[in-house]
Amino acid sequence: GENVEQHPSTLSVQEGDSAVIKCTYSDSASNYFPWYKQELGKRPQLIIDIRSNVGEKKDQRIAVTLNKTAKHFSLHITETQPEDSAVYFCAASFWTGGFKTIFGAGTRLFVKA
Amino acid sequence: NAGVTQTPKFQVLKTGQSMTLQCAQDMNHEYMSWYRQDPGMGLRLIHYSVGAGITDQGEVPNGYNVSRSTTEDFPLRLLSAAPSQTSVYFCASSYRQGGDTQYFGPGTRLTVL
């Protein structure tokens, strides 16, 4: 079935360093790849997304890249700050008679001050 | 505009009991979905709906029923609760299916004893 794999499961960086989280997906027909941030005890919230006709998208310190041939996409956070500490989820939308959004297992990011 | 609301926030059930988790949105969104979140497993899709009167199964539908009689409401029913259903449940909605931001409710923390 459809699957999204996410790595690493935990990531610890020093404040100011960059963080990279990688995801792979199984369905080559997937066309939408969002990233969600979830702070402790809160609901997931979209931070950036990318569509299959775009290779890269940037929003201030956050960027996402997509390689459709390899079926993987990555989240890049530059100049990390303590408030970036959270769990990050990648996801991919598949069409199976209706769109399903399948999430990766999440990456817990710690930014040390 | 309240966004996506869920009730209750917390619930404790005994094995075999049934209950309904409520979800409502006031954004006139066409697409609604239910996820469960377990430690280390990300968000897993239970059921989703692309509009009033239309529902379909996600990744982990067993033990759960849904209905969508109105655009606004999408309740999730646990037929006979089991300890394996202990989890945090999130409802989400988006303007349209596929390729659109999902807005999550605050979640319901369910414990089945």
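Attention here is on the structure that accompanies the text.

The next point concerns the overall build of chain A. In terms of regular secondary structure, chain A is built from zero helices and 11 strands. Of the regular secondary structure in chain A, the N- to C-terminal order runs β-β-β-β-β-β-β-β-β-β-β. Scaling as 2.2 N^0.38, a compact globule of 113 residues should have a C-alpha radius of gyration of about 13 Å, and chain A matches this with 14 Å. Taken over the C-alpha atoms alone, chain A extends approximately 45 × 30 × 20 Å along its principal axes. A burial count over chain A gives 45% of its 113 residues as buried. Across chain A, the fraction of contacts at a sequence separation of at least 24, relative to all contacts at a separation of at least 6, is 53%. With an accessible surface of roughly 5,600 Å², chain A has 47% of that area assigned to carbon and sulfur atoms. For chain A, the centre of its 13 positive side-chain charges and the centre of its 12 negative side-chain charges are spaced 4 Å apart.

What follows is about the interface of chain B and chain A. Chain B puts 24 residues into the contact, and the matching count from chain A is 21 residues. In total, chain B and chain A occlude about 1,700 Å² of area from one another, counting both sides; carbon and sulfur atoms represent 53% of this. Contact with chain A buries area across many residues of chain B, yet B:Leu43, B:Gly99 and B:Phe104 alone supply 26% of it, more than any other trio.

Another aspect to go through is unusual backbone geometry. Comment: phi is negative for the bulk of residues other than glycine, and the bulk of peptide bonds are trans. Of note, the amide linkage connecting A:His7 to A:Pro8 takes the cis form, showing an omega dihedral of -5°. Here A:Pro8 shows up in the loop between β1 (4-7) and β2 (10-14). Here the bond from B:Thr7 into B:Pro8 is cis, since omega is -5°, no more than 30 degrees from zero. Relative to the helices and strands, B:Pro8 resides in the loop between β1 (4-7) and β2 (10-13). Positive phi values are uncommon outside glycine, yet A:Gln60 reaches one of about 60°. Relative to the elements of secondary structure, A:Gln60 occurs in the loop between β6 (56-59) and β7 (62-67). In this model, A:Lys71 sits at a positive phi of 55°, which is unusual for a non-glycine residue. Counting through the fold element by element, A:Lys71 comes out in the loop between β7 and β8 (72-77). For A:Lys71, a relative accessible area of 27% gives the class partly exposed.

A few words on the state of the cysteines. All told, the structure shown has two disulfides over all chains when counted by the stated rule. A sulfur-sulfur distance of 1.9 Å marks the disulfide that ties A:Cys23 to A:Cys90. The sign of the S-S torsion, about -100°, decides the handedness of the disulfide formed by A:Cys23 and A:Cys90: left-handed. Linking A:Cys23 in strand β3 (residues 19-25) with A:Cys90 in strand β9 (residues 86-95), this pair joins segments that are 67 residues apart in sequence. Linked covalently through their sulfurs, B:Cys23 and B:Cys91 form a disulfide whose S-S length is 1.8 Å. In this structure, the disulfide formed by B:Cys23 and B:Cys91 twists by about -70° around the S-S bond and is classed as left-handed. Taken as a pair, B:Cys23 in strand β3 (residues 19-25) and B:Cys91 in strand β9 (residues 87-94) lie far apart in primary sequence, 68 residues in all. With a relative accessible area of 0%, B:Cys91 lands in the buried category.

Here is what the cut-offs are and how they apply
- Residues numbered from 1 in each chain as written.
- Chains lettered and ligands numbered in written order.
- Predicted model: local features only at pLDDT ≥ 70, side-chain atom pairs only at ≥ 80, totals over all residues.
- Heavy atoms only, no water.
- Helix = DSSP H or I, 4+ residues; strand = E, 2+ residues; numbered from the N terminus.
- Rg over C-alpha atoms; globule rule 2.2 N^0.38 Å.
- Buried < 20%, exposed > 50% of the residue type's maximum accessible area, 1.4 Å probe, protein only.
- Contact = heavy atoms within 4.5 Å.
- Areas by Shrake-Rupley, 256 points an atom, 1.4 Å probe, with all protein chains shown as cover.
- Lys, Arg positive; Asp, Glu negative; His and termini not counted.
- Charge placed at Lys NZ, Arg CZ, Asp CG, Glu CD.
- Buried area = accessible area lost by both parts, 1.4 Å probe.
- Disulfide = S-S within 2.5 Å.

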